[in-house]
Amino acid sequence: MLGRRYFLDPTDLQFKRVRVHWKDKLVRVSLFFAISVGFTILYSSLFNSMFGSPKEKVLNQQIESLRLRYSLLGRTIDRSDKMLAGLESSDGNIYRPILDMDSIPASIRRMGTGGVKKYEEYEGFHNSFMMISFARKVDEIRNRTNVQEESFRAILERKDEWIREMEHLPMISPVNVIYRLGDGVKFREVHPVLGTPQWHHGQDICAPYGTEVYATGSGRVIRAGWDGGFGNCIVIDHGYGYQSTYGHLSHIKISEGMDVKRGDLIGLTGSSGTSSGPHLHYQIDLFGKFKNPLYYFNNDLTEAEYFEMIKALTAQAKYR
Ligand SMILES: [Zn+2]
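Residues numbered from 1 in each chain as written. Predicted model: local features only at pLDDT ≥ 70, side-chain atom pairs only at ≥ 80, totals over all residues.

A. Structural context of the overall build of the protein. Counting its regular elements, the protein contains five helices and 14 strands. Taken over 320 residues, the protein has a buried fraction of 19%. A separation threshold of at least 6 residues defines the contact pool for the protein, and within that pool the share at least 24 residues apart is 63%. (Helix = DSSP H or I, 4+ residues; strand = E, 2+ residues; numbered from the N terminus. Buried ≥ 20, exposed ≤ 12 C-beta atoms within 10 Å, placed from the backbone. Contact = placed C-beta atoms within 7 Å.)

B. Fine view of the environment of Phe7. Mapped onto the elements, Phe7 comes out in strand S1 (residues 6-9). Residues Phe7 and Val18, eleven residues apart in the sequence, show an inter-C-alpha distance of 6.4 Å. Filtering out sequence-adjacent residues up to four positions away, Phe7 remains in contact with Lys16 and Val18.

C. Representation of unusual backbone geometry in the model. Located in the positive-phi region is Leu13, a residue other than glycine, with phi close to 55°. With respect to the element layout, Leu13 can be found in the loop between S1 and strand S2 (14-17). Residue His248 is not a glycine yet carries a positive backbone phi of 65°. With respect to the element layout, His248 can be found in strand S10 (residues 242-252).

D. Expanded view of the pairing of strand S12 (residues 265-269). Examined bridge by bridge, strand S7 (residues 212-214) and S12 share three bridges and lie antiparallel to one another. Bridge pairing in S12 places Val213 opposite Gly267. As judged from the three bridges shared by S10 and S12, these two strands associate in the antiparallel manner. Paired with Ile252 across the bridge in S12 is Gly267. (Pairing = 2+ DSSP bridges.)

E. Broad picture of the nonpolar core. If you look at the biggest cluster of nonpolar residues, it comprises 20 residues, and the most contacted ones within it are Ile234, Tyr246 and Leu280. For this core, the secondary-structure elements that each account for two or more residues are strand S8 (219-226), strand S9 (232-239), S10 and strand S13 (279-286). Looking at which element gives the most residues to this core, the answer is S9, with four residues. (Core = buried A, V, L, I, M, F, W, Y, C linked by C-beta atoms within 7 Å.)

F. Summary view of helix H4 (residues 128-168). Here H4 spans 59 Å end to end across 41 residues, near enough to the 60 Å set by a 1.5 Å rise per residue. Remark: the principal bend of H4, roughly 30°, maps to Lys159. Considered for burial, the residues of H4 that qualify are Arg144, Ser151 and His168. Among the structural elements, helix H2 (54-98), helix H3 (106-109), S8 and S9 are those in contact with the buried residues of H4. (Expected span 1.5 Å × (residues − 1). Bend = angle between axes of the 7 residues up to and from the residue.)

G. A look at the environment of Phe187. Examined against the element boundaries, Phe187 turns out to sit in strand S4 (residues 186-188). As for Phe187 and Trp199, which are separated by twelve residues in sequence, their C-alpha atoms are 4.2 Å apart.

H. How the structure looks around the packing of H2 against H4. H4 packs onto H2 with a crossing angle of 30° between their chain directions and a minimal axis gap of 10 Å. Here H2 lies roughly parallel to H4, going by the angle between them. The handedness of the crossing between H2 and H4 is left-handed. Residues Tyr70, Leu73, Gly74, Ile77, Ser80, Asp81, Leu84, Leu87, Glu88, Asp91 and Tyr95 of H2 touch H4, and the partners they reach there are Met130, Phe134, Lys137, Val138, Ile141, Arg144, Thr145, Gln148, Ser151 and Ile155. Tallied by class, the residues present in the contact of H2 with H4 amount to eleven nonpolar, five polar and five charged. (Axes fitted to C-alpha atoms, helices over the stretch in contact; angles between N-to-C directions. Parallel < 35°, antiparallel > 145°, perpendicular 65-115°, else oblique. Left-handed = near helix turned anticlockwise from the far one by under 90°. Nonpolar A, V, L, I, M, F, W, Y, C, P; charged D, E, K, R; others polar.)

I. Local environment of H2. The end-to-end C-alpha separation of H2 is 65 Å, in line with the 66 Å expected for 45 residues at 1.5 Å each. Considering bend angle alone, the principal kink of H2 is centred on Asp91 and spans about 40°. A small share of H2 lies buried, amounting to two of its 45 residues.

So this is what it looks like as structure tokens:
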């Protein structure tokens, strides 16, 4: 009975069942289905626009996660950049100058690793600019790291040679105590003994007769004996173009051909040769050209000696 409908037939006053044609039924069912589907779509789109679809939620979470990872990556890149810059600074300002090596031009350190097309795969995304900038920075850091690695390898190779060179260069005072500096490198209008004008190519160090004289750097003794105006004289060849000369000695304690180390006792001061009194004539030549020995003394002076050296250096500056 339920769902059935009746109507009053005026012709015979009887209630009669309403018969619905199957076509009408089909139309009604179709209409009902269409309206239901319409409402479902409307509701669903309204819900999605307000709260997002489950798929969008997952995607949004993934985007947030990626954003966080990019942020962390950015910080790591910055940290790496700063650390690398510190190493490059030490390389350029400390290691290479000390080891007498040329610095690496910035153009080589910052050399590009590819053209614009290299980052094509990152284009067309919402965050393309950020991704390309990160990729470019990572490439730059990788390139700079390679350059720095090569540089450290070269520095390590140079270090052993540098240590050997440092042992050989004449870089200390030849006597333990400088009592008074005599004439330095300069043109003497009147030689104290000869009375004639001539160049003085070394530094005279006034010290009592018999003061110990030391090799100022490691090397081979190429002369040990009488040498005219220098009297008893020693010449040491240090290699790297350097020779040191010790003149007017009273005693010579080594012989030609011997290898000496820096600080070895080689003789005693005196006044042999053309000399007006006990002193050491100390001379440094580099590739046959005399140098001012005062510029080669290295942290082995007392304060008073140091200031006397400075005074002498100032006075002789014009003869450098
Ligand atoms: Zn002299």
